[in-house]
Amino acid sequence: MIWNPNKECMPREQMRELQGKRLQKLVSYVYHNVPFYRHKMQEMDLSPEDIRSIDDIVKLPFTTKQDLRDNYPYGLQAAPASEIVRVHASSGTTGNPTIVGYTRRDLAIWSEVMSRSLTAYGVTRHDTFSVSYGYGLFTGGLGAHYGVENMGATVIPASTGNTEKHLRLIRDLNITGIACTPSYALYLAEVTERMGLSKDDLSLRIGAFGAEPWTENMRQEIQQRLGLKGYNLYGLSEIMGPGVSYECEEQHGSHINEDHFFPEIIDPDTLEPLPVGQTGELVFTTLTKEGMPLLRYRTKDLCALMEGECPCGRTNVRMTPIMGRSDDMLIIRGINVFPSQVESVILEMKEFEPQYLLVVDRKNNLDTLEVQVEVRRDFFSDDIGTMLGLKKKLSDKLKSVLSISAEVKLVEPNSIQRSEGKSKRVIDKRKLV
Ligand code: DLL
């Protein structure tokens with residue numbers, strides 16, 4: 001099933017034409033309603049009439065998270081306050097939070113793109129869906145919630161926390177779908193097993209996982225332990241929230257709702273657009289947003305756009321899974337290291353739980369990387385030789401994947417802190433001094 005075949009399967013030429021028209025309208029709208037953009041365009045000697053097709057998008061200025069912070073709280077809002085019906089906020093680790101206001105039409109589009117996503121996962125009106133993203137200023141909870149309602153499935157607004165009670169609800173209400181972070185899905189699997197339940201006691205069949213990067217191995221692990229099929233759900237508050245892109249049954253890249261969010265990939269250093277297929281920083285322009293529309297917003301997320309038709313019949317462009325954020329990338333002794341690389345190695349080895357923590361430090365002017373990982377109970381042993389062997393096995397694999405050596409620290413099952421929302425997998429002590 002396809003929620004909106006008209007838009008999701010639109011011929012490419014027609015889509016580009018639609019995007020061009022929407023871009024023209026958007027540029028004129030922000031030029032006249034957002035002084036920040038008017039000034040930027042004037043500085044570049046650019047007027048709204050210079051934008052004639054979607055190809056002209058490269059002429060427009062970029063927007064960064066810092067711009068949003070500098071214009072806190074409502075500086076980039078284009079619609080009058082009387083038109084704003086909801087506000088979300090995303091907290092960063094430093095500085096002002098980012099405030100995003102939505103008009104009624106923005107919210108309708110958000111529900112629409114979430115419904116497209118859920119339908120692509122195979123959700124129907126007969127499903128009962130638990131939304132276990134946090135409700136509140138975070139966009140995950142309410143964003144997924146209204147998407148489920150909009151498509152006519154039953155929503156259980158479970159939010160996070162109280163996992164045992166939540167699991168009983170999943171069992172007793174025959175909940176068939178769940179939306180949460182992949183790390184919370186793993187935690188649910190653990191608690192299920194701890195409560196003496198098995199996946200066969202539950203009727204879960206679909207997971208809508210996102211809000212943080214996750215690997216293919218993580219997907220296999222969750223699918224196998226919860227007995228469901230896990231689909232990627234991508235989004236960010238500045239652009240909308242969950243529903244910017246979604247996987248279909250092919251699970252090969254996530255289709256972007258590009259009639260609303262126009263994607264580009266740029267080289268984060270030169271800011272030049274990169275050809276389709278190359279990995280770089282993902283940039284979005286909100287083609288239809290009224291509350292806080294953004295031109296060429298730099299997400300810092302690293303991925304590539306994928307060429308070619310998808311067997312599912314959708315024509316909207318796909319993006320590869322996010323391999324990390326340009327600001328998540330660790331540079332250790334000059335080598336780029338992504339936490340997702342470590343995750344892949346750990347999840348390929350049956351001896352370990354999918355729970356790990358990277359601790360980066362600097363000793364005697366030399367960067368150090370410690371990888372803490374939980375050993376599965378069946379493989380935990382009092383025999384030092386066995387444990388040293390296991391440690392060496394992991395160190396060797398990490399070395400071959402990362403090209404630097406890491407100090408492996410094997411820890412007991414259940415000793416690394418679990419997360420209900422986005423997980424924290426890196427402690428970089430170099431930044432703390
Ligand atoms: O995380 C919105 C969301 C909620 C998406 C629920 C999906 C599901 P923010 O808190 O603004 O919004 O964080 C956005 O999270 O730039 C990515 O770095 C990361 N992210 C979100 N979804 C994915 C995903 C929400 N599927 C930031 N894969 C983004 C990888 C993701 N990273």
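In case you missed it, the structure is sitting above this.
Let me begin by describing the structure that accompanies this report. Since the structure is predicted, the reported quantities are computational estimates derived from the model, not experimental observations.

## Re the overall build of the protein chain
- The number of helices and strands found in the protein chain is 11 helices and 21 strands.
- Each of the three principal axes of the protein chain carries a C-alpha extent, and together these read 75 × 55 × 40 Å.
- A separation of at least 24 residues holds for 65% of the contacts in the protein chain among residues at least 6 apart in sequence.
- The protein chain carries 52 positive and 58 negative side-chain charges, and their two centres are separated by 2 Å.

## Some words on the pairing of strand β7 (residues 229-236)
- Counting buried residues along β7, six of its eight residues qualify, which places the element largely inside the surrounding structure.
- Across five bridges, strand β6 (residues 206-210) lies against β7 in parallel orientation. Bridge pairing in β7 links G210 to L233.
- Crossover β6 to β7 through helix α9 (residues 216-226) is right-handed.
- Inspection of the sheet shows β7 paired to strand β8 (residues 241-247) by four bridges, in the antiparallel sense. Of the residues in β8, the one forming a bridge with L236 is G241.
- Here β7 folds back onto β8 in antiparallel fashion, the turn holding four residues.

## Here we look at the pairing of strand β18 (residues 352-363)
- Counting buried positions along β18 gives nine out of 12 residues, so the element sits mostly inside the fold.
- Strand direction decides the pairing type here: β18 and strand β19 (residues 366-375), joined by nine bridges, are antiparallel. Along β19, the bridge assignment pairs Y356 with V373.
- Counted along the chain from β18 to the antiparallel partner β19, the turn is two residues long, and its residue N364 has a positive phi close to 50 degrees.

## As for the nonpolar core
- Core analysis: the biggest nonpolar cluster contains 66 residues, and L23, L60, Y121 and F284 have the highest contact counts within it.
- For this core, the leading source of residues is helix α5 (residues 104-121), giving eight residues.
- In this structure, L23 is in contact with I51, S53, I54, I57, L60, T285 and L287, ignoring residues within four places of it in sequence.

## Looking at the packing of aromatic side chains
- Following the criterion strictly, the structure yields seven aromatic pairs and no others.
- With a centroid separation of 5.6 Å and an interplanar angle of 85 degrees, the aromatic rings of F209 and W214 are classed as edge-to-face.
- Given the relative accessible area of 12%, W214 is considered buried.
- A ring pair is formed by Y234 and F284, whose centres lie 6.4 Å apart and whose planes are at 35 degrees; its orientation type is tilted.

## Observations concerning the sheet that holds β19
- Pairing is mixed across the open sheet formed by four strands, whose spatial order is β20-β19-β18-β21. In the strand order of this sheet, the two ends are held by β20 (407-411) and β21 (426-428), each with one partner. Within this sheet the neighbouring strands show an average axis-to-axis angle of 15 degrees, counted without direction.
- Sheet topology places β19 next to β20; five bridges connect them, and they run parallel. Among the inter-strand pairings, Q372 is bridged to a residue of β20, identified as K409.
- Sitting on the sheet, helix α10 (residues 339-348) is in contact with β18, β19 and β21, with an inclination near 140 degrees to β18.

## With respect to helix α6 (residues 139-151)
- Its 13 residues place the ends of α6 18 Å apart at the C-alpha level, agreeing with the 18 Å of an ideal helix rising 1.5 Å per residue.
- Every buried residue of α6 is listed here: T139, G140, G141, G143, A144, H145, G147, V148 and M151.
- Where α6 ends, the next residue or the one after it, G152, has phi of about 95 degrees, a positive value.

The rules we used
- Residues numbered from 1 in each chain as written.
- Predicted model: local features only at pLDDT ≥ 70, side-chain atom pairs only at ≥ 80, totals over all residues.
- Heavy atoms only, no water.
- Helix = DSSP H or I, 4+ residues; strand = E, 2+ residues; numbered from the N terminus.
- Contact = heavy atoms within 4.5 Å.
- Lys, Arg positive; Asp, Glu negative; His and termini not counted.
- Charge placed at Lys NZ, Arg CZ, Asp CG, Glu CD.
- Buried < 20%, exposed > 50% of the residue type's maximum accessible area, 1.4 Å probe, protein only.
- Pairing = 2+ DSSP bridges.
- Right-handed = clockwise from strand over helix to strand, strands pointing away.
- Core = buried A, V, L, I, M, F, W, Y, C linked by side-chain atoms within 4.5 Å.
- Phe/Tyr/Trp six-rings, centres within 6.5 Å; stacked < 30°, edge-to-face > 60°.
- Axes fitted to C-alpha atoms, helices over the stretch in contact; angles between N-to-C directions.
- Expected span 1.5 Å × (residues − 1).

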